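A structural walkthrough
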Amino acid sequence: MEINNLEKNNQIEINNKIVNEKEQKSFLETTLGKVINTGIDIGIRAILPDFIEDQAINLKDNLLNYGLKEGIQKTITDAIDLGKSAIGIFTGNFESISQMQNAVQSGGLIDGVSSLLDTVVEKVQQTGIIDYNIAKALKQGKNIILNNIENNIEKTFTSQLESMENLEKYIDDWKKDFEKKDFNKMEKTYEKLENELKNLIPIEKTISQARIIENLHTLIKNNGQDFNLSAEQIALAEKLI
């Protein structure tokens, strides 16, 4: 029986790591995809300032229809995978936001987007949807797009690092409030913690601590703010992450 339980616990741990790895990758792909799309939107308007709104949207749609959409997804995925290998993560999760940032930088994301834009613009030009002058302007002004993407990626990771610092502070504050049995302060800190969690990249260690606090906070709240939790209740809260 003990062996079966041990095998079951090991399998649960493995499954949790797989889920966390998928969550991290999904978060990165979605976030970076938004940054790249926004960079292209802003870039088109900067490169072709005489374009009206409908023309800019139509141009972007044509680029998407001729391979930009799928290309962005593949470029991001390839950059993450290559970046992981470059910094020595061959299996498993990112353990910090800094690791993610280094992986994205090492994975050649900007170079990948640069090559993708050249290919797609050339393809759309060859179909006759855009003329030579527009294609030339996009290629020559490509660095406007790339610089915007690079700067916004940097801002995204800086914001994530700040959120992680805030979350770690709120975890410590909640623990102090818990020791003082001050539920009102715990409640305020808990709300701040929850707000940070909503948009934070999932990092297993810190997120796990936050989930334990969520479970304990809910237990105390549902128990009429009674801090006299049993050892079994605390153990259960820690297992529910």
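Summarised in this report is the structure supplied together with it. Quick caveat: nothing in here was measured; it's all calculated off a predicted structure.

**So, the overall build of the protein**
When its secondary structure is counted, the protein shows 9 helices and 0 strands. Within the protein, contacts between residues separated by at least 24 positions form 71% of all contacts whose residues are at least 6 apart in sequence. Here the protein displays about 14,200 Å² of accessible surface, and carbon together with sulfur accounts for 48% of that area.

**With respect to unusual backbone geometry**
Even without being a glycine, Lys181 presents a positive backbone phi close to 55°. When you line up the elements, Lys181 lands in the loop between α6 (142-179) and α7 (183-198). For Lys181, a relative accessible area of 52% corresponds to the exposed category.

**Describing the nonpolar core**
By size, the foremost hydrophobic cluster in this structure holds 59 residues, and its most contacted members are Leu109, Leu138, Ile153 and Leu167. Listed by contribution, the elements that provide at least two residues to this core are α1 (2-47), α2 (53-86), α3 (97-106), α4 (109-126), α5 (132-140), α6, α7 and α8 (204-222). For this core, the leading source of residues is α6, giving 10 residues.

**Quick notes on the packing of aromatic side chains**
What the rule picks out here adds up to 1 aromatic pair. Relative to Phe178, the ring of Trp174 has its centre 5.4 Å away and its plane inclined at 10°; by these criteria the two rings are stacked. In this pair, Trp174 and Phe178 both sit in helix α6, 4 residues apart, roughly one turn of the helix. Looking at Lys84, its charged tip hangs above the ring of Phe94, at a distance of 5.0 Å from the centre.

**A word on a positive patch on the surface**
A cluster of like positive charges, contributed by Lys176, Lys180, Lys185, Lys188 and Lys192, occupies part of the molecular surface. With 3 residues, α7 is the largest single contributor of residues to the positive patch.

**Description of the packing of α6 against α8**
Direction vectors running N to C along α6 and α8 enclose 35°, while the axes themselves pass 11 Å from each other. Crossing of α6 over α8 shows left-handed handedness. Where α6 abuts α8, its residues Met164, Leu167, Glu168, Ile171, Trp174, Lys175 and Phe178 lie against Thr206, Ile207, Gln209, Ala210, Ile213, Leu216, His217 and Ile220. Grouping the constituent residues of the contact of α6 with α8 by class yields 10 nonpolar, 3 polar and 2 charged.

**Side note on the packing of α4 against α5**
Between two packed helices, the angle of one axis relative to the other and the distance separating the axes together describe the packing. Running from N to C, α4 and α5 point in directions that differ by 175°, and their axes come no closer than 10 Å. Overall, the two elements α4 and α5 adopt an arrangement that is roughly antiparallel. Residues Asp118, Val121, Glu122 and Gln125 of α4 touch α5, and the partners they reach there are Tyr132, Ala135, Leu138 and Lys139. For the contact of α4 with α5, the per-class residue count stands at 4 nonpolar, 1 polar and 3 charged.

Conventions used here
Residues numbered from 1 in each chain as written. Predicted model: local features only at pLDDT ≥ 70, side-chain atom pairs only at ≥ 80, totals over all residues. Heavy atoms only, no water. Helix = DSSP H or I, 4+ residues; strand = E, 2+ residues; numbered from the N terminus. Contact = heavy atoms within 4.5 Å. Areas by Shrake-Rupley, 256 points an atom, 1.4 Å probe, with all protein chains shown as cover. Buried < 20%, exposed > 50% of the residue type's maximum accessible area, 1.4 Å probe, protein only. Core = buried A, V, L, I, M, F, W, Y, C linked by side-chain atoms within 4.5 Å. Phe/Tyr/Trp six-rings, centres within 6.5 Å; stacked < 30°, edge-to-face > 60°. Lys NZ or Arg CZ within 6 Å of the ring centre and 35° of its normal. Patch = residues over 30% accessible without salt bridge, like charges linked within 9 Å, V, L, I, M, F, W, Y side chains within 5 Å. Salt bridge = Lys/Arg side-chain N within 4 Å of Asp/Glu carboxyl O. Lys, Arg positive; Asp, Glu negative; His and termini not counted. Charge placed at Lys NZ, Arg CZ, Asp CG, Glu CD. Axes fitted to C-alpha atoms, helices over the stretch in contact; angles between N-to-C directions. Left-handed = near helix turned anticlockwise from the far one by under 90°. Nonpolar A, V, L, I, M, F, W, Y, C, P; charged D, E, K, R; others polar. Parallel < 35°, antiparallel > 145°, perpendicular 65-115°, else oblique.

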